[in-house]
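Read off the chains here:
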Amino acid sequence: MVWRRLPGRGLTFGLALLAAMALGSGRLRAETEVDLALVIAVDVSYSMDPDEQTLQREGFIQAFQSPTVHDAIRRGLLGRIAVAYMEWAGAGDQKIILPWTVLDGPEDANAFAERLAEAPTRRAQRTSISGAIDFAAKLLAEGGFSTGRQVIDVSGDGPNNQGRPVTMARDEALARGITINGLPIMLKAPGYFDIPDLDVYYRDCVIGGQGAFMVPAREREQFREAVKTKIILEVADRAPPEPLVQPAQLPAKRANCLAGELQWRDRMGN
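All of the points below concern the structure found in this document.

1. Description of the side chain of lysine 230
- If you trace the backbone, lysine 230 turns up in helix H8 (residues 220-236).
- Polar contacts involving the side chain of lysine 230 include one to the side chain of glutamate 234, which spans 2.9 Å.
- With residues near it in sequence (within four places) discarded, lysine 230 still touches Asp153, Val154, Asn181, Gly182, Leu183, Phe213 and Val215.

Spelled out as structure tokens, the structure:
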């Protein structure tokens, strides 16, 4: 049998192939364009007791199941965000629990919440907020998403006490256009390696960037709601309202950004 090339068949196939490649490229670009690239960085150090860990995890699960969060995603310019969920403790202890996932509707958000609910919890030694920020910034750089907003959402119940100073990690992330928001967990009295006024520490030493804010969690009954509120504000690109009454007669407290390192050195002798 002799195969003959019909006139124009090769040209038509070539044009069709180019068109398919262009369509595929367009879809790829569309999939990587998002309103927000968000890394959720969650403290799992031993200072977080199992009950606090459960409340924290449930807070994020309920947030991504919330119709309010779904609506905030939908109202974005593109109507989709990219989220990665990681846990951290010491300077060399960061673990991706859920890799980058694009959420463009309730179905995706609920599936993300279900996967998070199935993931086991863990605890580990030391507290390195700087390590968490560095790891999250690397995740953002490698995510490949085109977006005007990159955010690291840091939650924790203590100050940095291992790794490089937290302000160095923060300032490098801010220089790359990343915003760092905080959720200082203040559900119990400061323990052996905790500090008072953790919210002040987060304000002065951890958060930063355009529109940065924090939502302190002070009551167990309000913890889940605090997490959900924070996710809504991040997705909707809004900051929480300032308190209507400011105690102007009191001097503003300032945090020592090396408080955790100094405390560890004094109590452990190294």
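2. Details of the nonpolar core
- Within the largest apolar cluster, 38 residues are counted, with the highest numbers of intra-cluster contacts made by Ile40, Phe60, Phe64, Tyr85, Leu103, Phe223 and Ile231.
- Sorting the residues of this core by element identifies strand E1 (36-43), helix H2 (50-65), helix H3 (67-74), strand E2 (81-88), strand E3 (94-103), helix H4 (106-118) and H8 as the ones contributing at least two each.
- The biggest single contributor to this core is H8, with 7 residues.
- Excluding residues within four positions of it along the chain, phenylalanine 60 makes contact with Ile40, Val42, Tyr85, Leu116, Asp153, Ser155, Val227 and Ile231.
- Membership of the second largest hydrophobic core comes to 29 residues, among which are Ala41, Ala137, Ile207 and Ala259.

3. Regarding the pattern of salt bridges
- With the rule as written, the count across this model stands at 18 salt bridges.
- Here arginine 74 makes a salt bridge to aspartate 71, at a shortest N to O gap of 2.5 Å. One end of the pair is arginine 74 and the other is aspartate 71, both in helix H3 and 3 residues apart, which spans about a single turn.
- We classify arginine 74 as exposed; its relative accessible area is 55%.
- Take aspartate 71: its relative accessible area is 25%, and that puts it in the partly exposed class.

4. Some thoughts on the side chain of serine 45
- For serine 45, the position within the fold is in the loop between E1 and H2.
- What serine 45 contacts, discounting residues up to four positions off in sequence, is Trp88, Ala89, Ala124, Arg126, Thr127 and Asp157.

5. Some remarks on the sheet that holds E2
- With mixed pairing, the 5 strands of this open sheet are ordered in space as E3-E2-E1-E4-E5. The sheet is open, and its two borders are formed by E3 and strand E5 (178-184), each paired with just one other strand. On average, adjacent strands in this sheet sit at an angle of 15 degrees to one another, irrespective of strand direction.
- Relative to E5, strand E4 (residues 150-156) is paired through 7 bridges, and the arrangement is parallel. Bridge pairing in E5 links glycine 156 to proline 184.
- The strands that H8 touches are E1, E2, E4 and E5; relative to E5, the one it contacts most, it runs at about 165 degrees.

Conventions adopted
- Residues numbered from 1 in each chain as written.
- Predicted model: local features only at pLDDT ≥ 70, side-chain atom pairs only at ≥ 80, totals over all residues.
- Heavy atoms only, no water.
- Helix = DSSP H or I, 4+ residues; strand = E, 2+ residues; numbered from the N terminus.
- Polar contact = N/O pair within 3.5 Å; in protein donor to acceptor, adjacent residues only side chain to side chain.
- Contact = heavy atoms within 4.5 Å.
- Core = buried A, V, L, I, M, F, W, Y, C linked by side-chain atoms within 4.5 Å.
- Buried < 20%, exposed > 50% of the residue type's maximum accessible area, 1.4 Å probe, protein only.
- Salt bridge = Lys/Arg side-chain N within 4 Å of Asp/Glu carboxyl O.
- Pairing = 2+ DSSP bridges.
- Axes fitted to C-alpha atoms, helices over the stretch in contact; angles between N-to-C directions.

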